[in-house]
Amino acid sequence: GGWRACSMTQMEQDSLYPIAILIDELKHEDIQLRLNSIRRLPTIAAALGMERSRNELIPFLNESIDEEDEVLVALAEELGNLVDCVGGPEHAAILLTPLETLATVEETLVREKAMDALNKVAQILPLRHLLESFVPLTRRLASNDWFTSRISACGVMAVAYERLPPDIKTEIRMSFTQLCHDDTPMVRRAAAANFGKLATAIHYSGETALLKAELLPLFSALASDEQDSVRLLAVENCVYISKVLSVPENQTVVLPIVRSVSQDKSWRVRYVVAEHLSQLVPSLGADLTIHEMAPTFVRLLQDPEAEVRSAAAMKLSDFSQMLTPEMVMTLIMPCVTEMCDDQSQHVRASLASVVMGLAPIIGKDATIEQLLPLFLKLLKDEFPEVRLNIIGTLPAANTNLGVELLATSLLPAVEELAEDRQWRVRLAVIDYMPPLAAQLGVDFFEERLCDLCVRWLRDCVYTIRESAIENVRRLTELFGVNWAATKLFPKVLQTRESSNYLFRLTALSTVASLSAVVGTEVLYRTLLPIALGMVTDSVPNVRFNVAKTLQQLIPMLDPGMVATQVKPKLLVLSEDTDKDVQYFARKALQSCG
């Protein structure tokens with residue numbers, strides 16, 4: 001029996017070991033060590049087993065709440081993941097104690113993570129534990145003198161609402177009402193932020209009458225709060241509320257609020273209205289949309305603050321889809337014309353990313369007459385982001401304008417942008433090239449755009465040269481190898497003769513990229529000779545890239561070709577004066593077999 005006793009104490013000592021280490025590490029002055037040990041909590045809990053995790057680990061964590069916010073954020077996250085380690089839903093209530101402490105600290109991020117974890121645990125708690133542990137916790141948070149606790153209370157009111165008995169539900173609604181009228185603006189803001197969740201829970205509990213009687217007055221009060229940070233959240237709540245009410249009820253309850261917030265004195269509130277108006281409109285009924293909401297939207301497009309105009313501009317095509325083409329022409333298009341000259345580049349950039357969405361709504365003739373000139377104007381905007389955003393919508397423009405117009409009006413602008421001083425704009429044009437080529441057809445492409453694609457291969461920016469190579473590959477796939485081999489490759493592969501070694505490298509990269517898509521004939525006749533011809537290049541960087549390119553080509557070549565043409569060249573490179581060239585040549589020789 002002596003051996004058994006000894007092994008038992010050994011086992012006991014082993015299981016004490018993780019707790020001892022954890023205690024040391026959590027008291028260590030190095031924050032990184034403390035963080036690491038918190039991140040290992042699930043592993044430590046698994047080593048301890050469920051019972052000891054409940055009896056030793058969680059009480060220890062209760063007592064050792066750290067001063068550093070970063071450690072507390074990690075702790076709140078990990079506590080939410082310990083449900084299974086402490087024995088599942090039946091025992092999960094033990095996690096509420098440390099989480100309640102974290103829900104009262106000053107740092108917002110810690111409280112938010114604690115609320116997430118509390119909500120996670122509450123969802124799986126049995127009803128008995130909800131009533132014994134979670135509801136009293138909510139009470140304590142809501143009645144605490146320190147406002148951070150009351151902020152957290154707002155975030156945990158809705159989670160278990162549907163499962164609770166009627167008397168507790170009433171208590172929660174009364175408590176939430178008090179929080180909506182709290183003296184501290186930050187608490188009212190938290191109540192406004194969580195209003196939608198509670199409203200949805202009440203609705204799903206089948207208590208729509210209570211929702212209308214008790215919550216709607218709160219909703220109206222929050223929407224007219226003296227603090228703009230509270231009012232702006234009321235706008236998002238309009239979206240929640242409008243979903244649970246009928247159109248006539250929305251016109252009575254939501255519409256007055258939309259009217260007042262859309263003309264709010266704070267631009268931040270108007271900004272949020274601009275962001276959400278198109279979501280709200282359907283719930284207010286078609287007639288109202290046309291007679292009242294459209295002028296409201298126009299007001300936001302013409303707002304004195306650039307941020308508001310910018311947010312409204314982003315919703316331009318979303319909102320216009322709810323209007324008749326005639327209304328878009330009479331109400332929206334004049335604003336669009338005005339915004340093309342807006343003094344704020346951000347407004348123009350927002351407009352540029354959505355303006356082509358109006359084309360299908362107003363039809364082809366109006367697009368050509370009114371949208372196209374604006375489109376071309378934005379393509380020439382002085383601010384790169386505007387040009388970039390408009391290039392992003394070119395594929396949509398292709399569809400709406402047709403090939404003729406593309407060729408005559410858009411192409412000159414695209415050719416100009418292809419040489420843009422901003423490399424990101426050049427990059428965007430390259431990405432757009434294959435779909436454009438597909439629409440214009442091979443003859444047109446050859447005549448107007450082929451030289452452009454070749455010029456990009458000699459760009460001073462590496463990223464542009466890389467994308468230009470990818471572009472050549474995509475064009476080869478699009479128009480076929482036969483066309484590319486006669487019309488594109490001779491021009492493209494001229495870069496191998498450049499005096500600049502970077503462009504000679506581009507030729508090598510092009511060979512490697514194309515080798516996978518051209519088939520053996522072009523590979524043998526055109527691509528392989530180029531790589532082999534560069535073995536004697538004067539620059540070591542080029543020579544070792546020759547070795548790397550040949551290694552890539554070997555699997556595609558027949559063994560005879562490898563033995564007679566590739567291997568002799570690699571043997572030459574393997575004796576090179578440059579160490580890197582030797583290394584890559586020898587590596588390639590191993591592939592020769």
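Here the structure is a predicted model, which is why all the values come from computation and not from measurement. (Residues numbered from 1 in each chain as written. Predicted model: local features only at pLDDT ≥ 70, side-chain atom pairs only at ≥ 80, totals over all residues. Heavy atoms only, no water.)

### Considerations on the overall build of the protein chain
Turning to step 1, where the next piece is worked out: The helix and strand tally for the protein chain stands at 35 helices and zero strands.
Turning to step 2, where the next piece is worked out: A separation of at least 24 residues holds for 68% of the contacts in the protein chain among residues at least 6 apart in sequence.
Turning to step 3, where the next piece is worked out: For the protein chain, the computed accessible surface area is about 26700 Å², with 53% contributed by carbon and sulfur atoms.
Turning to step 4, where the next piece is worked out: Of the charged side chains in the protein chain, 56 are positive and 76 negative; the average position of the first set lies 5 Å away from that of the second. (Helix = DSSP H or I, 4+ residues; strand = E, 2+ residues; numbered from the N terminus. Contact = heavy atoms within 4.5 Å. Areas by Shrake-Rupley, 256 points an atom, 1.4 Å probe, with all protein chains shown as cover. Lys, Arg positive; Asp, Glu negative; His and termini not counted. Charge placed at Lys NZ, Arg CZ, Asp CG, Glu CD.)

### So, the UniProt feature "repeat: HEAT" (unreviewed entry) in the protein chain
Turning to step 1, where the next piece is worked out: Under the UniProt annotation, "repeat: HEAT" (unreviewed entry) lies at residues 215-252, 254-292, 293-331, 332-370, 371-409, 410-448 and 527-565.
Turning to step 2, where the next piece is worked out: Secondary structure within residues 293-331 divides into 77% helix and 0% strand; the distance between the first and last C-alpha atoms comes to 12 Å.
Turning to step 3, where the next piece is worked out: Between the end C-alpha atoms of residues 527-565 the distance is 13 Å, and the span holds 72% helix and 0% strand. (UniProt positions renumbered as here; feature names shortened; annotations may be inferred.)

### Details of the side chain of E207
Turning to step 1, where the next piece is worked out: For E207, the position within the fold is in the loop between α11 (185-204) and α12 (208-223).
Turning to step 2, where the next piece is worked out: Here the side chain of E207 touches Y161 through a polar contact of 2.6 Å, side chain to side chain.
Turning to step 3, where the next piece is worked out: Every residue in contact with E207, bar those within four places of it in the chain, is listed here: Y161, K169, R173 and I202. (Polar contact = N/O pair within 3.5 Å; in protein donor to acceptor, adjacent residues only side chain to side chain.)

### Re the packing of helix α9 (residues 147-156) against α11
To describe two helices that pack against each other, one gives the angle between their axes and the distance between the axes.
Turning to step 1, where the next piece is worked out: Axis separation between α9 and α11 bottoms out at 8 Å; the angle between their running directions is 10 degrees. Viewed along their axes, α9 and α11 adopt a mutual orientation that is roughly parallel. Together, F147, R150, I151, C154 and G155 of α9 and M186, V187, A190, A191 and N194 of α11 make up the contact between the two elements.
Turning to step 2, where the next piece is worked out: Considering only residue class, the contact of α9 with α11 consists of seven nonpolar, two polar and one charged. (Axes fitted to C-alpha atoms, helices over the stretch in contact; angles between N-to-C directions. Parallel < 35°, antiparallel > 145°, perpendicular 65-115°, else oblique. Nonpolar A, V, L, I, M, F, W, Y, C, P; charged D, E, K, R; others polar.)

### A closer look at the packing of aromatic side chains
Turning to step 1, where the next piece is worked out: The final tally for this structure, using the stated rule, is ten aromatic pairs.
Turning to step 2, where the next piece is worked out: Note on W267 and Y271: the rings are 6.4 Å apart at their centroids and 90 degrees apart in plane angle, and the pair reads as edge-to-face. With W267 and Y271 both in helix α15 (residues 267-280) and four residues apart, this pair spans about one turn of that helix.
Turning to step 3, where the next piece is worked out: Overall, W267 belongs to the partly exposed group, its relative accessible area being 27%.
Turning to step 4, where the next piece is worked out: A centroid spacing of 4.3 Å and a plane angle of 10 degrees characterise the contact between F297 and F319, whose relative ring orientation is stacked. Taken together, the residues F297 in helix α16 (residues 286-301) and F319 in helix α18 (residues 316-320) connect sequence positions 22 residues apart. Neither F297 nor F319 differs from the other in exposure class; each is buried.
Turning to step 5, where the next piece is worked out: Counting every residue linked through ring pairs, the aromatic cluster contains F176, F195 and F219. (Phe/Tyr/Trp six-rings, centres within 6.5 Å; stacked < 30°, edge-to-face > 60°. Buried < 20%, exposed > 50% of the residue type's maximum accessible area, 1.4 Å probe, protein only.)

### Brief notes about the pattern of salt bridges
Turning to step 1, where the next piece is worked out: On inspection of all chains with the given rule, the structure shows 32 salt bridges.
Turning to step 2, where the next piece is worked out: Of the charged contacts in the structure, one is a salt bridge between E100 and R140, with a shortest N-O distance of 2.7 Å. Highlighted residues: E100 in helix α6 (residues 96-102) and R140 in helix α8 (residues 127-143), separated in sequence by 40 residues.
Turning to step 3, where the next piece is worked out: The exposure class of E100 is buried, given its relative accessible area of 16%.
Turning to step 4, where the next piece is worked out: A relative accessible area of 43% means that R140 is categorised as partly exposed.
Turning to step 5, where the next piece is worked out: The partner of E214 in a salt bridge is R173, with the nearest N and O atoms 2.7 Å apart. With E214 in helix α12 and R173 in helix α10 (residues 166-180), this residue pair connects regions lying 41 residues apart in the sequence.
Turning to step 6, where the next piece is worked out: Classification of R173 by relative accessible area gives buried; the value is 4%.
Turning to step 7, where the next piece is worked out: Look at the salt bridges and you will find they share partners, linking R39, E77, E78 and K113 into a network. (Salt bridge = Lys/Arg side-chain N within 4 Å of Asp/Glu carboxyl O.)

### A word on the nonpolar core
Turning to step 1, where the next piece is worked out: One finds F445, W456, F489 and L570 to be the most contacted residues of the largest nonpolar core, which totals 221 residues.
Turning to step 2, where the next piece is worked out: Ranked by the residues each element gives to this core, the list is headed by helix α26 (residues 423-440), at ten residues.
Turning to step 3, where the next piece is worked out: Setting aside anything within four residues of it in sequence, one finds F489 in contact with V472, T476, A484, L514, V518 and V522. (Core = buried A, V, L, I, M, F, W, Y, C linked by side-chain atoms within 4.5 Å.)

### A short note on α15
Note on helix geometry: an α-helix contains 3.6 residues per turn, so any two residues three or four positions apart are oriented the same way.
Turning to step 1, where the next piece is worked out: The end-to-end C-alpha distance of α15 is 19 Å, a good match for the 20 Å that 14 residues give at a rise of 1.5 Å each.
Turning to step 2, where the next piece is worked out: Taken as a whole, α15 carries its principal kink of about 35 degrees at A274.
Turning to step 3, where the next piece is worked out: Those residues of α15 that fall on the buried side of the exposure criterion are V269, R270, V272, V273, A274, H276, L277, S278 and L280.
Turning to step 4, where the next piece is worked out: Here the buried face of α15 lies against α13 (228-244), α14 (247-262), α16, α17 (306-314) and α18. (Expected span 1.5 Å × (residues − 1). Bend = angle between axes of the 7 residues up to and from the residue.)

### Topic: a negative patch on the surface
Turning to step 1, where the next piece is worked out: A surface patch of like charges, here negative, comprises E67, E68, D69, E70, E106, E107, E112 and D116.
Turning to step 2, where the next piece is worked out: Relative to the elements of secondary structure, E70 occurs in helix α5 (residues 69-79). (Patch = residues over 30% accessible without salt bridge, like charges linked within 9 Å, V, L, I, M, F, W, Y side chains within 5 Å.)

### Observations concerning the confidence of the model for the protein chain
Turning to step 1, where the next piece is worked out: For the protein chain, the average pLDDT comes to 86, and 96% of its residues sit at 70 or higher.
Turning to step 2, where the next piece is worked out: Considering only residues more than four positions removed or in separate chains, one finds that residues 1-13, a stretch of pLDDT under 50, has zero contacts. (pLDDT = per-residue confidence, 0-100.)

### Focus on the packing of α11 against α13
Turning to step 1, where the next piece is worked out: One way to put it is that α11 packs onto α13 with a least axis distance of 9 Å and a crossing angle of 5 degrees. By the criterion of interaxial angle, the relationship of α11 to α13 is roughly parallel. Facing α11, whose interface residues are P185, R188, R189, A192, A193, F195, G196, A199, T200 and H203, α13 presents S229, V230, L232, L233, N237, Y240, I241 and V244.
Turning to step 2, where the next piece is worked out: Split by residue class, the contact of α11 with α13 holds eleven nonpolar, five polar and two charged.

### Points about α8
Turning to step 1, where the next piece is worked out: A rise of 1.5 Å per residue sets the reference length of α8, with its 17 residues, at 24 Å; its end C-alpha atoms lie 23 Å apart and thus fit the reference within 8%.
Turning to step 2, where the next piece is worked out: Along α8, the largest kink reaches about 30 degrees and is centred on F134; proline P136 follows within four residues of it.
Turning to step 3, where the next piece is worked out: Lining the buried residues of α8 we find α6, α7 (108-124), α9 and α10.

### Structural notes on the environment of L358
Turning to step 1, where the next piece is worked out: Assignment of secondary structure puts L358 in the loop between α20 (345-354) and α21 (359-362).
Turning to step 2, where the next piece is worked out: Take L358: its relative accessible area is 0%, and that puts it in the buried class.
Turning to step 3, where the next piece is worked out: If we ignore the near neighbours within four places in the chain, the residues touching L358 are L316, S317, S320, V328, M333, V336 and L371.

### Notes on the state of the cysteines
Turning to step 1, where the next piece is worked out: Per the stated rule, a full pass over the model turns up zero disulfides.
Turning to step 2, where the next piece is worked out: C340 supplies the cysteine sulfur nearest to C335, a cysteine that is in no disulfide, at a spacing of 12 Å. (Disulfide = S-S within 2.5 Å.)

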